[in-house]
Amino acid sequence: MKSLSEAKAGERCEIKWMLGIPEFLEFLRIRGVEVGTTVSVIQNRAGSLIIGTGTRRIALSGEVAARIKV
């Protein structure tokens, strides 16, 4: 298991667990990102990440992505 921040662009990853403040986890859940979801890493550069799930794209800081394990 590795953190989402270590994933390379183009990888598809299944989320195993997420750690963070409840409000942010709810923000992600509403947008379709939760445990068991497969996300695509669109870009991983300069300490930030862009992930996609379905038709949604979400930008995450490297610190947040490090708390999501895939």
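It should be noted that the structure appears before, not after, this text.
The structure presented is a predicted model; accordingly, all values stated were derived computationally and were not measured. (Residues numbered from 1 in each chain as written. Predicted model: local features only at pLDDT ≥ 70, side-chain atom pairs only at ≥ 80, totals over all residues. Heavy atoms only, no water.)

Draft legend 1. Quick look at the sheet that holds strand β4 (residues 48-53). Taken in spatial order, the 4 strands make up an open sheet running β1-β3-β4-β5, and their pairing is antiparallel. Lying at the two open borders of the sheet, with one neighbouring strand each, are β1 (12-14) and β5 (56-61). Direction aside, the axes of adjacent strands within the sheet are offset by 35° on average. One ladder, built from 3 bridges, connects β1 with strand β3 (residues 38-45); its direction is antiparallel. In the sheet register, E14 faces β3, and the bridge partner there is T38. (Pairing = 2+ DSSP bridges. Helix = DSSP H or I, 4+ residues; strand = E, 2+ residues; numbered from the N terminus. Axes fitted to C-alpha atoms, helices over the stretch in contact; angles between N-to-C directions.)

Draft legend 2. The pairing of β4, seen in detail. Taken together, the 5 bridges between β3 and β4 define a ladder with antiparallel strand orientation. Residue pairing across strands places Q43 opposite I50, the latter belonging to β4. Two successive antiparallel strands, β3 and β4, enclose a turn made up of 2 residues, where A46 displays a positive phi of approximately 55°. Strand direction decides the pairing type here: β4 and β5, joined by 6 bridges, are antiparallel. Of the residues in β5, the one forming a bridge with L49 is L60. Two successive antiparallel strands, β4 and β5, enclose a turn made up of 2 residues, where G54 displays a positive phi of approximately 65°.

Draft legend 3. Inspection of the side chain of S3 at higher detail. On the secondary structure map, S3 appears in the segment before β1. S3 sits in the buried class, given a relative accessible area of 4%. Engagement of the side chain of S3 in a polar contact is seen with the side chain of S5, the distance being 2.9 Å. Once residues lying within four places of it in the same chain are set aside, the contact partners of S3 are A65, A66, I68, K69 and V70. (Buried < 20%, exposed > 50% of the residue type's maximum accessible area, 1.4 Å probe, protein only. Polar contact = N/O pair within 3.5 Å; in protein donor to acceptor, adjacent residues only side chain to side chain. Contact = heavy atoms within 4.5 Å.)

Draft legend 4. Structural context of a nonpolar patch on the surface. A contiguous nonpolar patch, built from M1, W17, L19 and V35 and spanning about 460 Å² of accessible area, is present on the exposed surface. With respect to the helices and strands, the residue W17 is situated in strand β2 (residues 17-18). Given the relative accessible area of 36%, W17 is considered partly exposed. (Patch = residues over 30% accessible without salt bridge, like charges linked within 9 Å, V, L, I, M, F, W, Y side chains within 5 Å. Areas by Shrake-Rupley, 256 points an atom, 1.4 Å probe, with all protein chains shown as cover. Salt bridge = Lys/Arg side-chain N within 4 Å of Asp/Glu carboxyl O.)

Purely spatial values, then, with no claim about function.
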